[in-house]
Amino acid sequence: MINRRGFFGASAGAITLAATTPGALAAPTILNSTTEIMPKGKAPRVVIAGGGWGGLSAARHLREKAPDAEVVVLERNPFFWSCPISNKWVIDIVDSAYLMHDMLAPARKYGYKLVQTEITNIERDKKLVRTSQGTISYDYLIISDGIRDAYDVWFGNDQKAIDHTKLNFPSAYIPSSQAMTVKNKIRNFKGGNFVMTLPPPPHRCPPSPYERACIIAWHMKTNKIPGKVIILDPKPRIMPIGGGFKAAFDELYPDIIQYVPNAGVKEVDPFKKEIKTAAGDFKFDDAILMPPHQAGNMVWSADLIGKTPDGKPTNWAAIHPTHLHAQGDDSVYIVGDAMGAVSKQFGHYPKSAHVANYVGKIVAGYIGERLAGKQVTVRLPDNLCYMLVNGSPREAISVQFDYELLPDGTIKQTQIDIDVRTPDLLEEDFKWAKRMFTDFLV
Ligand SMILES: Cc1cc2nc3c(=O)[nH]c(=O)nc-3n(C[C@H](O)[C@H](O)[C@H](O)COP(=O)(O)OP(=O)(O)OC[C@H]3O[C@@H](n4cnc5c(N)ncnc54)[C@H](O)[C@@H]3O)c2cc1C
């Protein structure tokens, strides 16, 4: 039985603050959560569950690829917050306005509907999504709800330990109130051991915890804060861009960063500030505790989590590797970090904004082709990531992934690490972000 962890619990009579027509914010009304949010007309309807990197990309491109379809995005947050570049925001290289974006503006510009609501359940047998404001039916559903922090892997059902960890040692790997807490935590750190636990792979943006470690170390070095950043990595070595990060750790922060490989977490006591790992036990003064990542709750609710050969959940959506719809249900697509493995060679696509944006575009094309009665033309994404390792001078390293469809139908990955840190790569990062933001935002 797949653990759905009591998907949210729909609240009847929720307050509505929805823009149910492009660009228009409806006056607050009380709705019963069984009310239909908007009746379905004759046009085929694509509902997008989750308006982050993958969901908003799919919405924008669907308007071009499937001009006759009605496109509705369901998103809980009032504005778009970019996790990419957020490590740089921690040390004020960019300000909040750089990361925070208006979501009604792209809805208006591209002509899709945006409803601000909490999705509470997905009933595939009825082709229906339940939300805190009511229900909505679909012809095609795109799930793009990102990841969830699986604290229960560490703490079981010890809710006190989970709550204490979320409150005191959050990671801000999901757009939420945690971002400001993490920024303040780093800036207010007075010294001692600052521990970072990394999740086991696959997890969201694999190189970004190392980037964050460099940023914390740089902040400590420049402000003469005594102490160490201890990276507890379950992997045997730094990856990706291992050479570039190792050079930065050794050359820029030799007395500050302590990298501990093979340090899978065995036990966490957030009250005593102690962690037991496969590589030894550690005490901390402050920490960013990243539990294992799993596909977001919607994939669990829709019963689309894959299974291992011995019947255990893979924790990620089971998808067709090239057509990208859910295994066993071609009316549902999964986009972004929630996607499961696509290849025997490398497993998952990197869980990155670049891939989420690209796959959103690909899936929009697939749905457009299917609605037009055409054969689907298989397309593959690529991936690009830039990571800041030095604050002065500002220098970054990067990684690129390319994909190729082999004649036997499998997907091959090629990885290119750029380990030499340069200011140019940071410039490239800002150009990348601008390209992305102008692709699906305004
Ligand atoms: C610190 C950091 C740095 C990063 N740097 C990079 C980088 O440099 N380059 C890069 O490519 N990637 C980077 N990433 C990774 C990137 O942020 C993710 O891979 C990307 O956001 C995945 O897109 P997504 O659409 O799958 O998920 P998200 O962007 O998280 O979108 C999911 C959306 O679903 C919504 N949602 C979830 N549940 C519900 C619900 N029940 N009801 C309503 N709405 C819901 C959420 O509010 C969210 O808006 C970074 C991540 C972090 C944390």
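Residues numbered from 1 in each chain as written. Predicted model: local features only at pLDDT ≥ 70, side-chain atom pairs only at ≥ 80, totals over all residues. Heavy atoms only, no water.

1. What to know about the overall build of the protein chain
Here is the rule: Starting at the N terminus, helices and strands are each numbered in turn, a helix being any DSSP run of H or I of at least four residues and a strand any DSSP run of E of at least two. Put simply, the radius of gyration uses C-alpha atoms, and a globule should come to 2.2 Å times the residue count raised to 0.38. Partly exposed residues are those whose accessible area sits between 20% and 50% of the maximum for their type, while under 20% is buried and over 50% is exposed, using a 1.4 Å probe and protein chains only. By the convention used here, residues are in contact when the closest approach between their heavy atoms is within 4.5 Å. The Shrake-Rupley method, run with a 1.4 Å probe, gives the accessible areas here. Residue values count only the displayed protein chains as cover.
Counting its regular elements, the protein chain contains 12 helices and 27 strands. Over its C-alpha trace the protein chain gives a radius of gyration of 22 Å, about what one expects of a compact globule, namely 22 Å for 442 residues. Taken along the three principal axes of its C-alpha coordinates, the protein chain extends 65 × 50 × 45 Å. Expressed as a percentage of the 442 residues in the protein chain, the buried residues total 55%. Considering only residue pairs separated by 6 or more positions, the protein chain has 66% of its internal contacts joining residues 24 or more positions apart. Total accessible area on the protein chain stands at roughly 18,400 Å², and carbon and sulfur atoms take up 53% of it.

2. Regarding the pattern of salt bridges
Test applied: Think of a salt bridge as a Lys or Arg side-chain nitrogen and an Asp or Glu carboxyl oxygen that are within 4 Å of each other.
What the rule picks out here adds up to 25 salt bridges. Linking glutamate 211 and lysine 88 is a salt bridge whose minimum nitrogen-to-oxygen distance equals 2.9 Å. Note that glutamate 211 is positioned in helix 8 (residues 208-222) and lysine 88 in helix 2 (residues 86-90), a separation of 123 residues in sequence. This pair shows no difference in class: glutamate 211 is buried, exactly as lysine 88 is. Across the salt bridge formed by aspartate 429 and lysine 88, the nearest N and O atoms sit 2.6 Å from each other.

3. Quick look at the side chain of histidine 219
Within the secondary structure, histidine 219 sits in helix 8. With sequence-adjacent residues up to four places away left out, histidine 219 is seen in contact with Ile91, Ile186, Arg187 and Ile225.

4. As for the sheet that holds strand 4 (residues 70-75)
Keep this limit in mind: By this definition, two strands are paired if DSSP reports at least two bridges between them.
Reading across the sheet, the 6 strands line up as 7-4-3-11-24-23 and stay open at both edges, with mixed pairing between neighbours. The open sheet terminates on both sides in strands that have one partner only, identified here as strand 7 (113-116) and strand 23 (325-326). Relative to strand 24 (residues 329-334), strand 11 (residues 140-143) is paired through 3 bridges, and the arrangement is parallel. Counterpart to isoleucine 142 in the pairing with strand 24 is tyrosine 333.

5. Topic: the side chain of histidine 293
Short version of the rule: Counted as a polar contact is a pair of N or O atoms within 3.5 Å, where, for protein atoms, one must be capable of donating a hydrogen and the other of accepting one, and residues adjacent in sequence contribute only when both atoms are in side chains.
Turning to its location among the elements, histidine 293 is positioned in strand 20 (residues 293-295). Looking at histidine 293, its side chain comes within polar contact range of the main-chain nitrogen of arginine 204, at 3.1 Å. The residues touching histidine 293, leaving out its near neighbours within four places in the chain, are Ile147, Arg148, Asp149, Tyr173, Pro199, Pro202, His203, Arg204 and Trp316.

6. Topic: the environment of isoleucine 231
Counting through the fold element by element, isoleucine 231 comes out in strand 14 (residues 227-232). A residue is classified by how much of its surface remains accessible, and isoleucine 231, at 1% relative accessible area, is buried. Along the primary structure isoleucine 231 and threonine 120 are separated by 111 residues, whereas in three dimensions their C-alpha atoms are 36 Å apart. Contacts of isoleucine 231, omitting those with residues within four sequence positions, involve Met196, Leu198, Ala213, Phe249, Ile257, Gln258, Tyr259 and Val260.

7. A look at the sheet that holds strand 17 (residues 274-277)
For clarity, the cut-off: Helix axes are fitted to C-alpha atoms over the stretch in contact, other axes to C-alpha atoms as well, and angles between N-to-C directions run from 0 to 180 degrees.
The sheet built from 3 strands is open, its strands ordered 16-17-18 with antiparallel pairing. Each end of this open sheet is capped by a strand with a single partner; those strands are strand 16 (265-269) and strand 18 (280-283). When the angles between neighbouring strand axes are averaged without regard to direction, this sheet yields 15 degrees. Of the strand pairs in this sheet, strand 17 and strand 18 are connected by 4 bridges, and their pairing is antiparallel. Its bridge partner lying in strand 18, glutamate 274 is registered against lysine 283.

8. What to know about the domain arrangement of the protein chain
The cut-off we apply is this: Where each domain begins and ends is defined by an automated method or by a domain database. Summed over both partners, the accessible surface that disappears when two parts come together, traced with a 1.4 Å probe, is what is meant by buried area. Amino acid classes used here: Ala, Val, Leu, Ile, Met, Phe, Trp, Tyr, Cys and Pro are nonpolar; Asp, Glu, Lys and Arg are charged; the rest, including Gly, are polar.
Structurally, the protein chain comprises domain 1 (15-146 + 296-371) and domain 2 (156-293). The C-alpha-based centres of domain 1 and domain 2 are spaced at 30 Å. Listed per partner, the contact involves 14 residues of domain 1 and 19 residues of domain 2. Summed over both sides, the interface of domain 1 with domain 2 buries roughly 1,600 Å², with 59% coming from carbon and sulfur. Of all residues in domain 1, Asn87, Val90 and Ile91 bury the most surface against domain 2, accounting for 36% of the area lost on that side. In this assembly, domain 1 and domain 2 are joined by 4 salt bridges. Applying the counting criterion to the domain 1 and domain 2 interface returns 10 residue pairs in polar contact (both at pLDDT 80 or more). No other element matches helix 2, which puts 4 residues into the side of domain 1 that touches domain 2. When the residues that make up the side of domain 1 that touches domain 2 are grouped by side-chain class, the tally is 6 nonpolar, 4 polar and 4 charged.

9. Looking at helix 1 (residues 53-65)
To keep it simple, the criterion reads: Given the number of residues in a helix, its expected span is that number minus one, multiplied by 1.5 Å.
Taking 1.5 Å as the rise per residue, helix 1 with 13 residues should run 18 Å; its terminal C-alpha atoms sit 18 Å apart, in good agreement. The buried fraction of helix 1 is high, at 10 of 13 residues. Trp53, Gly54, Gly55, Leu56, Ser57, Ala58, Ala59, Arg60, His61 and Leu62 are the residues of helix 1 that are buried.

10. A look at the nonpolar core
As a reminder of what qualifies: What is meant by a nonpolar core is a set of buried Ala, Val, Leu, Ile, Met, Phe, Trp, Tyr and Cys residues, joined one to another through side-chain atoms within 4.5 Å.
Residues Ile142, Ile143, Val229 and Phe245 are the most contacted members of the largest nonpolar core, which totals 127 residues. Considering each element in turn, this core owes the most residues, 9 residues, to helix 11 (residues 353-371). The two domains that each donate at least three residues to this core are domain 1 (15-146 + 296-371) and domain 2 (156-293). Setting aside anything within four residues of it in sequence, one finds phenylalanine 245 in contact with Pro207, Tyr210, Glu211, Cys214, Ile238, Pro240, Met387, Val389 and Ile397. Core analysis: the second largest hydrophobic core is formed by 17 residues, Ala161, Phe169, Ile230 and Phe284 among them.

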